[in-house]
Amino acid sequence: MLKYGHIILLFAMLISCSRKNDSAVSITENSGNNAEAGIKAETYKKSSIDDIVVQMQSSKSKNERKAPVTSSLKGKDRLLLLKPLDGLFAGDFVIGQTGEQDSRFLDPMNSLKDSLLRGRMDYSHFTNNCAEISKLIYNDADLKDIYELRYSVARIAPGGNYSIKFRVFSKNGVDNCSSVGSIVLATDKDASWKIHHFELDLHALKEPFTRTKAWDPYLDQTL
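Here the structure is a predicted model, which means the values were calculated and not measured. (Residues numbered from 1 in each chain as written. Predicted model: local features only at pLDDT ≥ 70, side-chain atom pairs only at ≥ 80, totals over all residues. Heavy atoms only, no water.)

**Topic: the packing of aromatic side chains**
Enumeration according to the criterion identifies eight aromatic pairs in this entry. Their ring planes at 80 degrees and their centres at 5.0 Å tell us that Tyr-123 and Phe-126 sit as a pair that is edge-to-face. Residue class for Tyr-123 comes out buried when judged on its relative accessible area of 17%. By relative accessible area, which is 4% here, Phe-126 ends up buried. Ring geometry for Phe-126 versus Phe-198: centroids 5.8 Å apart, planes at 65 degrees, classification edge-to-face. Of this pair, Phe-126 sits in the loop between α2 (106–118) and α3 (128–137) while Phe-198 sits in strand β7 (residues 193–200); the two residues are 72 residues apart in sequence, bridging distant segments of the chain. Considered together, Phe-126 and Phe-198 belong to a single accessibility category, that of buried residues. An aromatic cluster of three or more residues is present, and its members are Tyr-123, Phe-126, Tyr-138, Tyr-151, Phe-166 and Phe-198. (Phe/Tyr/Trp six-rings, centres within 6.5 Å; stacked < 30°, edge-to-face > 60°. Buried < 20%, exposed > 50% of the residue type's maximum accessible area, 1.4 Å probe, protein only. Helix = DSSP H or I, 4+ residues; strand = E, 2+ residues; numbered from the N terminus.)

Structure below.
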């Protein structure tokens, strides 16, 4: 009996060792699977981040990127940001900004300027309706003393038209006078630009204006 007892004990020990080895193998396999899953997840995460970074990159090349303008310039140095070498047009405190005109409007504007400076109106660049009305209101005798005219820049008006202010200067004896007028330019039936509206303050051309005190053009916009 003792002999058989030893055999049974040995057999039980072998079974116990076998179960431990199987558990160890199972744990090892699970660890390997978890590690492999972790590597795949980390790789996917990294790939996703890389895709996002690539999408957020600017499409501009390095040569096209410009350095930001510094805001630390003080005093006269700040004028460097205003492109001081670029040409600037003079302005008029009464009619506003003057400057280069659209080439489409040059013919009617030059014709009107020549007419007013020589004191004899030319209505060839007026619409028929505007010409008929202007002939009733403005006489050549009222325009004979004009010696200078300046235009403002054209401004867009309703209907695709353009409005332009102008200022004329005249001599009434020894006194200088100035007056403000305006025109509206629009395309005619032949697609050419014509003056559809014309007005000028004739009364101001006969009234000498003399300032008796210092004038601040930013506060006082009178002629």
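**Observations regarding unusual backbone geometry**
One non-glycine residue with positive phi stands out, namely Ala-191, at about 70 degrees. Mapped onto the elements of the fold, Ala-191 is located in the loop between β6 (175–187) and β7. By relative accessible area, which is 58% here, Ala-191 ends up exposed.

**Concerning the nonpolar core**
In this structure, Leu-112, Leu-116, Phe-126, Phe-166, Ile-183, Phe-198 and Leu-200 are the most contacted members of the largest nonpolar core, which totals 26 residues. Broken down by secondary-structure element, the contributors of at least two residues to this core are α2, α3, β3 (146–151), β5 (161–172), β6, β7 and α4 (202–205). For Leu-116, the residues in contact, after removing those within four places along its chain, are Met-121, Leu-143, Ile-146, Leu-149, Phe-166 and Val-168. (Core = buried A, V, L, I, M, F, W, Y, C linked by side-chain atoms within 4.5 Å. Contact = heavy atoms within 4.5 Å.)

**Here's the deal with the confidence of the model for the protein chain**
Mean pLDDT over the protein chain works out to 75, with 57% of the residues at or above the 70 mark. With pLDDT under 50 throughout, residues 52–57 is counted as low confidence; its partners more than four residues away or in other chains account for zero contacts. (pLDDT = per-residue confidence, 0-100.)

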